[in-house]
Amino acid sequence: MNSSPILTAPHSRRQFLVTSLAAAGGVLTTQAANPPGDIDAHVHVWTPDTEHYPIAKGFTKKKDMVPASFTPEQLFAHTVPNGVARVVLIQMSFYKYDNRYMLDTMARHPGVFSGVGILDHDAPDAKATLKALAKQGVRGLRLYANKPDVEAWLNSPAMHALWTQAADEGVAMCLLANPDSLPAIKQLALKFPKTRVVIDHFARVGMKGPVQETDLENLCRLAELPHSYVKTSAFYALGAKKPPYKDLAPMIRRLHGVYGAKRLMWASDCPYQVEEGQSYQAAIELVRNGLNFLSADDKKWMLRGTAQKVFFS
């Protein structure tokens with residue numbers, strides 16, 4: 001299809017998308033600048049076709065490609081029935097610096113996907129690579145932000161140049177971090193006040209057990225930087241790790257109090273969110289109807305507006 005019409009009833013919109021997707025042979029597109037439907041701000045896709053899209057050295061299909069396949073078509077089986085019209089793709093680790101599958105997916109489904117790529121930030125051509133990725137619709141760079149690395153980046157000329165260029169290109173730095181990295185992340189972000197910083201999955205606060213107050217406080221302190229954002233995502237991996245995820249409500253409420261809904265964005269972290277015992281619907285339902293402190297406007301920002309601003313503008 002060429003574009004999604006504005007339909008007022010959610011059921012009608014979802015049925016239209018499902019029907020149109022099937023008619024298009026699995027290709028979902030939109031030409032609208034601001035189409036109806038929510039945005040999933042964090043999804044991984046990959047193909048079992050490792051001949052055309054080989055995985056990087058050190059990874060194996062048996063160990064690392066689990067599940068064996070999660071293509072856009074498999075993703076749409078979850079997003080479309082749940083009223084999610086657009087998705088931010090996150091480059092998969094086992095492809096490393098080869099972003100081709102993500103970029104090809106974005107090109108095959110115009111307007112549906114934005115992307116967060118991975119590059120070698122120490123490579124001599126890192127700045128040229130970033131520029132090329134940005135031209136292809138990439139709006140974020142993924143960084144594996146463990147504490148020693150972030151502390152090293154504080155004095156890294158290569159990383160400083162990349163963060164400066166990211167602001168110029170409108171690209172966010174998307175950090176997969178553990179809680180102990182947060183103080184150093186704040187120091188680094190303070191050096192680049194124009195660069196957007198997105199923290200994935202609550203910085204994994206609550207992943208290894210109950211939420212620690214010190215960890216949550218450090219995540220809240222990052223809100224002092226106006227260009228910092230947090231993905232309220234990966235519910236399957238945090239706290240009790242089972243639907244309806246209501247145990248995460250106090251943490252989300254704290255973050256809402258300091259960041260505001262305009263700097264929080266919902267995401268699923270598929271395919272992991274749809275593994276046994278979990279579901280896509282349960283994850284999005286927590287934000288849609290499970291948090292009584294959110295206003296209707298808050299929900300619009302968390303489910304759509306924030307991701308639209310950071311990854312689709």
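Our structure's up above, just so we're on the same page.
A brief look at the structure comes next. (Residues numbered from 1 in each chain as written. Predicted model: local features only at pLDDT ≥ 70, side-chain atom pairs only at ≥ 80, totals over all residues. Heavy atoms only, no water.)

1. Looking at the side chain of threonine 47
Mapped onto the secondary structure, threonine 47 falls in the loop between strand E1 (38-43) and helix H2 (61-64). Taking relative accessible area as the criterion, threonine 47 reaches 10% and is therefore assigned buried. Here the side chain of threonine 47 touches aspartate 49 through a polar contact of 3.1 Å, landing on its backbone nitrogen. Ignoring any residue separated from it by four or fewer positions in sequence, one finds threonine 47 in contact with Tyr53, Met65, Thr71, Tyr95 and Tyr101. (Helix = DSSP H or I, 4+ residues; strand = E, 2+ residues; numbered from the N terminus. Buried < 20%, exposed > 50% of the residue type's maximum accessible area, 1.4 Å probe, protein only. Polar contact = N/O pair within 3.5 Å; in protein donor to acceptor, adjacent residues only side chain to side chain. Contact = heavy atoms within 4.5 Å.)

2. Overview of the nonpolar core
One recurring pattern in soluble globular proteins: nonpolar side chains tend to sit buried together. Ranked by internal contacts, the top residues of the largest apolar core, which has 89 residues, are Ile185, Ile199, Leu219, Phe235, Ile252, Leu255 and Trp266. With six residues, the single largest contributor to this core is helix H11 (residues 280-289). Not counting residues up to four positions away in its chain, the partners in contact with isoleucine 199 are Leu175, Ile185, Leu219, Leu222, Tyr229, Val230 and Lys231. Judged by nonpolar contacts, the second largest core, of 15 residues, contains Val198, Tyr229, Met265 and Val310. (Core = buried A, V, L, I, M, F, W, Y, C linked by side-chain atoms within 4.5 Å.)

3. Quick look at the packing of aromatic side chains
For any pair of aromatic rings, the description rests on two quantities: the centre-to-centre distance and the angle between the ring planes. A full pass over the atoms with the stated rule returns ten aromatic pairs. Consider the rings of tryptophan 46 and phenylalanine 94, whose centres lie 5.3 Å apart with planes at 75°: the pair is edge-to-face. Of this pair, tryptophan 46 sits in the loop between E1 and H2 while phenylalanine 94 sits in the loop between strand E2 (84-90) and helix H4 (100-108), and the two are 48 residues apart along the sequence. Assessed through its relative accessible area of 0%, tryptophan 46 is described here as buried. Classification of phenylalanine 94 by relative accessible area gives buried; the value is 1%. Here the aromatic rings of tryptophan 266 and tyrosine 280 are separated by 5.7 Å at their centres, their planes lie at 85°, and the arrangement is edge-to-face. (Phe/Tyr/Trp six-rings, centres within 6.5 Å; stacked < 30°, edge-to-face > 60°.)

4. Looking at the pattern of salt bridges
One pass over the full model with this rule turns up ten salt bridges. In this structure, the salt-bridge partner of arginine 108 is glutamate 73, at a minimum N-O distance of 2.4 Å. Of the two residues, arginine 108 is situated in helix H4 and glutamate 73 in helix H3 (residues 72-79); the sequence distance between them amounts to 35 residues. One continuous salt-bridge network, built from bridges that share partners, spans Glu213, Glu217, Arg221 and Arg254. (Salt bridge = Lys/Arg side-chain N within 4 Å of Asp/Glu carboxyl O.)

5. Focus: the pairing of E2
Of all seven residues in E2, seven are buried, a share of seventy percent or more. Two strands pair when backbone bridges link them, and E1 and E2 are joined in this way by four bridges, in the parallel orientation. Along E2, the bridge assignment pairs valine 43 with leucine 89. Here four bridges tie E2 to strand E3 (residues 113-117), and the two strands are oriented parallel to one another. Bridge pairing in E3 places isoleucine 90 opposite valine 116. Crossover E2 to E3 through H4 is right-handed. (Pairing = 2+ DSSP bridges. Right-handed = clockwise from strand over helix to strand, strands pointing away.)

6. Comments concerning the packing of helix H8 (residues 182-191) against helix H9 (residues 213-221)
Across the interface, H8 lies against H9 with an axial gap of 9 Å and an inter-helix angle of 10°. Classified by the angle their axes make, H8 and H9 are roughly parallel. In contact with Leu182, Pro183 and Lys186 of H8, H9 contributes Asp215, Asn218, Leu219 and Arg221. Residues of the contact of H8 with H9, tallied by class, amount to three nonpolar, one polar and three charged. (Axes fitted to C-alpha atoms, helices over the stretch in contact; angles between N-to-C directions. Parallel < 35°, antiparallel > 145°, perpendicular 65-115°, else oblique. Nonpolar A, V, L, I, M, F, W, Y, C, P; charged D, E, K, R; others polar.)

7. Remarks on unusual backbone geometry
Looking along the chain, the bond that leaves valine 66 and enters proline 67 is cis, with omega of 0°. Put simply, cysteine 270 and proline 271 share a cis peptide bond, and its omega is 10°. Secondary-structure assignment places proline 271 in the loop between strand E8 (264-267) and H11. A positive phi angle is found at alanine 234, which is not glycine, with a value near 60°. Residue class for alanine 234 comes out buried when judged on its relative accessible area of 3%. In this structure, aspartate 269 is a non-glycine residue whose phi angle is positive, near 65°. Locating aspartate 269 in the fold gives a position in the loop between E8 and H11. For aspartate 269, a relative accessible area of 4% translates into the label buried.

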